[in-house]
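# Residue-level structure breakdown
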Amino acid sequence: MNFAVGLKPLLAEARSMESLEKQLICPICLEMFTKPVVILPCQHNLCRKCANDVFQASNPLWQSRGSGAGPSGGRFRCPSCRHEVVLDRHGVYGLQRNLLVENIIDIYKQESARPLHAKAEQHLMCEEHEDERINIYCLRCEAPTCSLCKVFGAHKDCEVAPLPAVYQRQKVGYPQGLGGWARWGGFPARSQRCSAPQSELSDGIAMLVAGNDRIQAIITQMEEICRTIEENGRRQKQHVGLRFDSLCSILEERKKELLQSVTREQETKVQRVRGLIRQYGDHLEASSKLVETAIQAMEEPQMAVYLQHSKELLKKITDMSKVSMSSRPEPGYESMDHFSINVDHVAEMLRTIDFQPEVLGEDDGDGPTDSSEGVGDEENLEAPEAAEDVGQRQKPLSSPHGQH
């Protein structure tokens, strides 16, 4: 049933009370008038205390009545309309009290103190019978209605019950209304509930509260899982980084060893060739000097002197020509191609590095942490020996000049 007609008077009353409250506000303190209320000659109202404060501020030399001295009166302007108010020797105490406003304030405060649901019950009227109050509940249609609707209207064939009885039954289990639920933080204990039978609404609220508790527990658990995932992910990323740093250090060490091997052979070959160069250089220098000496001997004009030295020169030339100069690097001696390496299969192996599959039955609950630990143990090429084995396997794949 539509209760719009029954609620219209209640809404109208609420708006009227709000409008009335605005008319009862003092323009000085901006609060509701405090008794006694005085009425100014311009018909505006003020609290006596506020009027006295304004008067004292406008007449600082004025003394209160009974002092026997000072000016006989004073004046100030109305804060609402700026009308000048002239007072006699009694000051604001000579202004007339507005008893009507005071009585209205009392009535307003009494009406404001009344419970909202009591006002609603008084004004909730039937839509079809505007003069009839809603006082019964149709059990078949599950809707409040009035007596005339039961006798003559749409609910004449329905089973009904008194509205207060249904109201009490549906509120069973509510500890002092909905606020009690908030104070207890959920469904009340069995000893705290009313002794009446459980109502459908109370049971429904209990189910929702219990369901909310379960959902909140699940949310808390999943938030904890998120924190654990983030922590495990951070730890595993650090672990993977360390493993790859270890691989890089092994590669760097093996690179250093292989470069040292190339350097040693390079220095050995260069040293040998430079030794041959020195040997050939010494022979060339000695031969050149012998040629110069022989030329000088041939220019000797005295036959006896020439013959005396020619025999010795011939012997030196013969010995010099017999010196063997066959020592030289063999063909291809300068080649370093035998130090070539093939890392294709190693690169392919590195590309296949992956996380180790989790072994069933060995998971201790730490999830990704355990699986990554396994990967680290498998991938840890612990020794330069492993790298050396790789290097030894690479040698047969090198240049046809021979492997080193």
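A brief report on the enclosed structure follows.

Rules used throughout
Residues numbered from 1 in each chain as written. Predicted model: local features only at pLDDT ≥ 70, side-chain atom pairs only at ≥ 80, totals over all residues. Heavy atoms only, no water. Patch = residues over 30% accessible without salt bridge, like charges linked within 9 Å, V, L, I, M, F, W, Y side chains within 5 Å. Areas by Shrake-Rupley, 256 points an atom, 1.4 Å probe, with all protein chains shown as cover. Salt bridge = Lys/Arg side-chain N within 4 Å of Asp/Glu carboxyl O. Helix = DSSP H or I, 4+ residues; strand = E, 2+ residues; numbered from the N terminus. Buried < 20%, exposed > 50% of the residue type's maximum accessible area, 1.4 Å probe, protein only. Contact = heavy atoms within 4.5 Å. Pairing = 2+ DSSP bridges. Axes fitted to C-alpha atoms, helices over the stretch in contact; angles between N-to-C directions. Core = buried A, V, L, I, M, F, W, Y, C linked by side-chain atoms within 4.5 Å.

## Comments concerning a nonpolar patch on the surface
Nonpolar side chains collect at one region of the surface, where Ile215, Ile218, Ile219, Met222, Ile225 and Ile229 lie side by side and expose about 540 Å² of accessible area between them. With respect to the secondary-structure elements, isoleucine 229 resides in helix H8 (residues 200–298).

## Focus: the environment of cysteine 146
Relative to the helices and strands, cysteine 146 resides in the loop between strand E7 (143–145) and helix H5 (147–151). Overall, the relative accessible area of 0% leaves cysteine 146 in the buried class. Along the sequence, cysteine 146 and arginine 133 sit 13 residues apart, while their C-alpha atoms lie 6.0 Å from each other. Ignoring anything within four residues of it in the chain, the contact list for cysteine 146 reads Cys126, His129, Glu132, Arg133, Ile134, Asn135 and Ile136.

## Things to note about the sheet that holds strand E6 (residues 136–138)
Pairing is antiparallel across the open sheet formed by three strands, whose spatial order is E7-E6-E8. Both outer strands of the open sheet, E7 and strand E8 (160–162), are each paired with one neighbouring strand and no more. Going across the sheet, the axis of each strand differs from the next one's by a mean of 35 degrees, ignoring polarity. Across three bridges, the pairing between E6 and E7 is antiparallel. Residue pairing for E7: cysteine 138 is matched across the bridge by alanine 143.

## Regarding the nonpolar core
Phe33, Leu40, Phe76 and Leu87 are the most contacted members of the largest nonpolar core, which has 24 residues in total. Those elements giving two or more residues to this core turn out to be strand E1 (37–39), strand E2 (45–47), helix H2 (48–58), strand E4 (84–87) and helix H3 (99–113). Sequence-distant contacts of phenylalanine 76, defined by excluding residues within four places in its chain, comprise Leu40, Val54, Phe55, Ser58, His83, Glu84, Val85 and Leu87.

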